[in-house]
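# Chains, contacts and geometry: an overview
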Amino acid sequence: MKEKKTHVGVTMADVARLANVHISTVSRALKHDPRITKTVQEKVREAADSLGYRPNPLISALSTLRHQHAQLTTPTVLAYVQHQRDYITDHFNGVTKVADLNGYKVEIFTINQDMSEKRLNQILINRNIRGLILAPLPEAHGSFNLDWEHFASVSLEYSFTEPLLDRVVPDSFHSVIRAMEQCVAMGHTRIGLVLTRRVHEKNEGLLTAAYTYFVSLHPELAHIPTLLTRRTDNEEPIDAWIKKEKPQVIISSNHLLPSIEARLANMDIETPENVGLVNLNANVNDPRMSKYSGISINAEFMGNQAVVHLIHKLNNNLFGVPPARITIQTDNEWVDGHTLIAASQMELPAAFRKRKRTTGA
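Conventions adopted
- Every chain is numbered independently, its residues counted from 1 as its sequence is written.
- With pLDDT at 70 or above as the cut-off, local features in this predicted model cover only qualifying residues; side-chain atom pairs require 80 or more to be listed or tallied, and sums for whole chains, interfaces and linings still use all residues.
- To obtain the side-chain values, all non-hydrogen atoms of the structure were used and water was disregarded.
- Every helix listed is a DSSP run of H or I at least four residues long, and every strand listed is a run of E at least two residues long, numbered separately from the N terminus.
- Each residue gets one of three labels from its accessible area relative to the maximum for its type: buried under 20%, exposed over 50%, partly exposed in between, using a 1.4 Å probe on protein chains only.
- A contact between two residues is defined here by any heavy atoms of the two lying within 4.5 Å.
- Accessibility throughout is a Shrake-Rupley quantity obtained with a 1.4 Å probe, and a residue counts as covered only by protein chains that appear here.
- Pairs were defined over the aromatic rings of Phe, Tyr and Trp, the Trp ring being its six-membered one, requiring ring centres within 6.5 Å. Orientation was assigned from the angle between planes: stacked under 30 degrees, edge-to-face over 60, tilted for the rest.
- To define a nonpolar core, start from buried Ala, Val, Leu, Ile, Met, Phe, Trp, Tyr and Cys residues and group those joined through side-chain atoms within 4.5 Å.
- Pairs of strands are assigned from DSSP output, requiring at least two bridges between the strands.
- To obtain an axis, a line is fitted to C-alpha atoms, over the contacting stretch when the element is a helix, and the angle between two such axes runs from 0 to 180 degrees between their N-to-C directions.
- Oblique is the label for every angle not falling under 35 degrees (roughly parallel), over 145 degrees (roughly antiparallel), or within 65 to 115 degrees (roughly perpendicular).
- Helix crossings get a hand from a simple test, with the near helix turned counterclockwise from the far one by less than a right angle marking a left-handed crossing and a clockwise turn marking a right-handed one.
- Gly is put with the polar residues, along with every residue not named as nonpolar or charged; the nonpolar set is Ala, Val, Leu, Ile, Met, Phe, Trp, Tyr, Cys and Pro, and the charged set is Asp, Glu, Lys and Arg.
- pLDDT expresses, on a scale from 0 to 100, how confident the predictor is about each individual residue.
- Here a salt bridge means any side-chain nitrogen of Lys or Arg lying within 4 Å of a carboxyl oxygen belonging to Asp or Glu.

The next thing to look at is the overall build of the protein chain. Scanning the protein chain from terminus to terminus reveals 11 helices and 14 strands. The burial tally for the protein chain puts 49% of its 361 residues in the buried class. Of the contacts formed within the protein chain by residues at least 6 apart in sequence, a portion of 68% connects residues at least 24 apart. Approximately 19,000 Å² of the protein chain is accessible, and the part contributed by carbon and sulfur atoms is 50%.

Put into structure tokens, the structure is as follows:
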């Protein structure tokens, strides 16, 4: 694919002339201002792309530069900070897309045995990197220490809890509501929820709260106690829960679903013919998990919004820990997948059938 060429001398006024709009409209359209219609935004974006225009990220922050036309040849760097893990996620892809459109470059920094928090802090300050996106942490109630007063920061999801930084999170409560609504619409009445305690805590208890709330509004549904397990390989608790509760559908997350599916197979229970599975973090981009029906939290869109908010903070010199945290909540969507069918198409597995009592002679 041929890479689009960026022309350093192209200005916002050039884009305005090509799009036949006022220069202020160009500025607002490129920032996805809701006051500008989608049609005008698309026209401005097409004009900007055809000219190879990229904005100077410092212009909106420094009033002395607002009427200058020179563009920076070296983009401002944003730091994507992750803990221990070193891999590319949909969050990161969303971050880089919007950063690039706004003239920023994103670099990954991983806190691990080779990069201490103190060392990272020193590197960021020495390189004058002021904007930070904090990736989801592997555990709940996570934190690390930086000299936060030097940085504008936005965290992703619920896991980073100290200090209280602005964050972009999925609508975890509504994800369960939407999953339950889909199951009910397909005729299911025995719907159970199985989570690791880590996932439960990382979502601030919203997943279990939503399940309890939904069941309370629907008396036709069996109120199956939620199973919270400490490990993904806890076979005995999962086996016992399945045998006792006999669910038609099990709602869980990608941390547990492969293990749950394996436990069902050991009981000669097929998915979805006997028991349906719903993933609360369905990801069509992950070949290992794309088969599951469930909820997509749209992690790439979360990354988009994190950068939009971070640029706003940089442009307004909003550094340090905010006096009151802002939480931006993004919507989710249902993914059909292949692990959930209508209740009328399912067959009760032998493991769930009542055994006939035998009497002695």
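In this structure, P163 follows E162 across a cis peptide bond, with omega equal to 0°. On the secondary structure map, P163 appears in the loop between β6 (160-162) and β7 (166-170). For the bond from T271 to P272, the omega torsion is 5°, close enough to zero to count as cis. Considering the arrangement of structural elements, one finds P272 in the loop between α10 (257-266) and β11 (276-279). Non-glycine residue N317 carries a positive phi angle of around 55°. One can find N317 in the loop between α11 (299-315) and β13 (327-330).

What follows is about the packing of aromatic side chains. In the structure shown here, the tally under the stated rule is 5 aromatic pairs. Relative to W148, the ring of F144 lies with its centre 6.0 Å away and its plane at 35°, an arrangement referred to as tilted. Take F144 and W148: they sit in the same class, and that class is buried. Ring centres 5.9 Å apart and planes at 45° place the aromatic pair F173 and Y213 in the tilted group. Taken together, the residues span a long stretch of sequence, with F173 in helix α6 (residues 172-185) and Y213 in helix α8 (residues 206-217) at a distance of 40 residues. According to the relative accessible area criterion, F173 is partly exposed, its value standing at 28%. Since its relative accessible area comes to 44%, Y213 is described here as partly exposed.

What follows covers the nonpolar core. Ranked by internal contacts, the top residues of the largest apolar core, which has 40 residues, are M180, I242, I250, I251 and L280. Those elements that place two or more of their residues in this core are α6, β8 (191-196), α8, α9 (235-245), β10 (249-252), α10 and β11. Sequence-distant contacts of M180, that is, excluding residues within four places in its chain, are made with I191, Y211, F214, V215, L221 and I251. Core analysis: the next-biggest nonpolar cluster, separate from the first, contains 21 residues, V95, V154, M302 and I311 among them.

A few words now on the sheet that holds strand β1 (residues 76-83). Taken together, the 6 strands give an open sheet; going across it, the order is β2-β1-β3-β5-β7-β13, and neighbouring strands pair in parallel fashion. Each edge of the open sheet is held by one strand with a lone partner, namely β2 (104-111) and β13. Direction aside, the axes of adjacent strands within the sheet are offset by 20° on average. Relative to β2, β1 runs parallel, the two being bridged by 8 bridges. By the bridge assignment for β2, Y80 is matched with I108. Here helix α4 (residues 90-101) sits on the sheet in contact with β1, β2, β3 (131-134) and β5 (152-156), set at roughly 150° to β2.

With respect to the secondary-structure elements, T25 resides in helix α2 (residues 23-30). In this view, T25 contacts I36 and V40; residues no more than four positions away in its chain are not counted.

The next thing to look at is the pairing of β3. Burial along β3 is two-sided: the face carrying G131 and I133 and the face carrying L132 and L134 are both buried. Alignment of β1 against β3, held across 4 bridges, turns out to be parallel. Opposite V81, over in β3, you have L134 as the bridge partner. The sheet contact formed by β3 and β5 spans 4 bridges and is parallel. By the bridge assignment, I133 is partnered in β5 with V154.

Once that is clear, we can look at the packing of α9 against α10. At a minimum axis distance of 10 Å, the contact between α9 and α10 shows a crossing angle of 60°. The angle between α9 and α10 falls in the class oblique. In the packing of α9 onto α10, the handedness of the crossing is right-handed. Residues E235, I238, D239 and I242 of α9 pack against S259, I260, R263 and L264 of α10. Across the contact of α9 with α10, the residue classes tally to 4 nonpolar, 1 polar and 3 charged.

Interpreting fine coordinate detail is not advised for predicted regions of low pLDDT. Across the protein chain, pLDDT averages 87, with 88% of residues at or above 70. When the criterion is pLDDT under 50, residues 63-73 qualifies, and its contacts beyond four places in sequence or with other chains add up to 16 contacts. Note that pLDDT drops below 50 for residues 356-361; the model gives that stretch 0 contacts with residues more than four away or on any other chain.

Following the criterion strictly, the structure yields 11 salt bridges and no others. Taking the shortest distance from any N to any O, the salt bridge between R17 and D14 comes out at 2.3 Å. Remark: D14 and R17 occur in helix α1 (residues 12-19); sequence separation between them is 3 residues, near one turn of the helix. Note on R17: relative accessible area 59%, which makes it exposed. With a relative accessible area of 24%, D14 lands in the partly exposed category.

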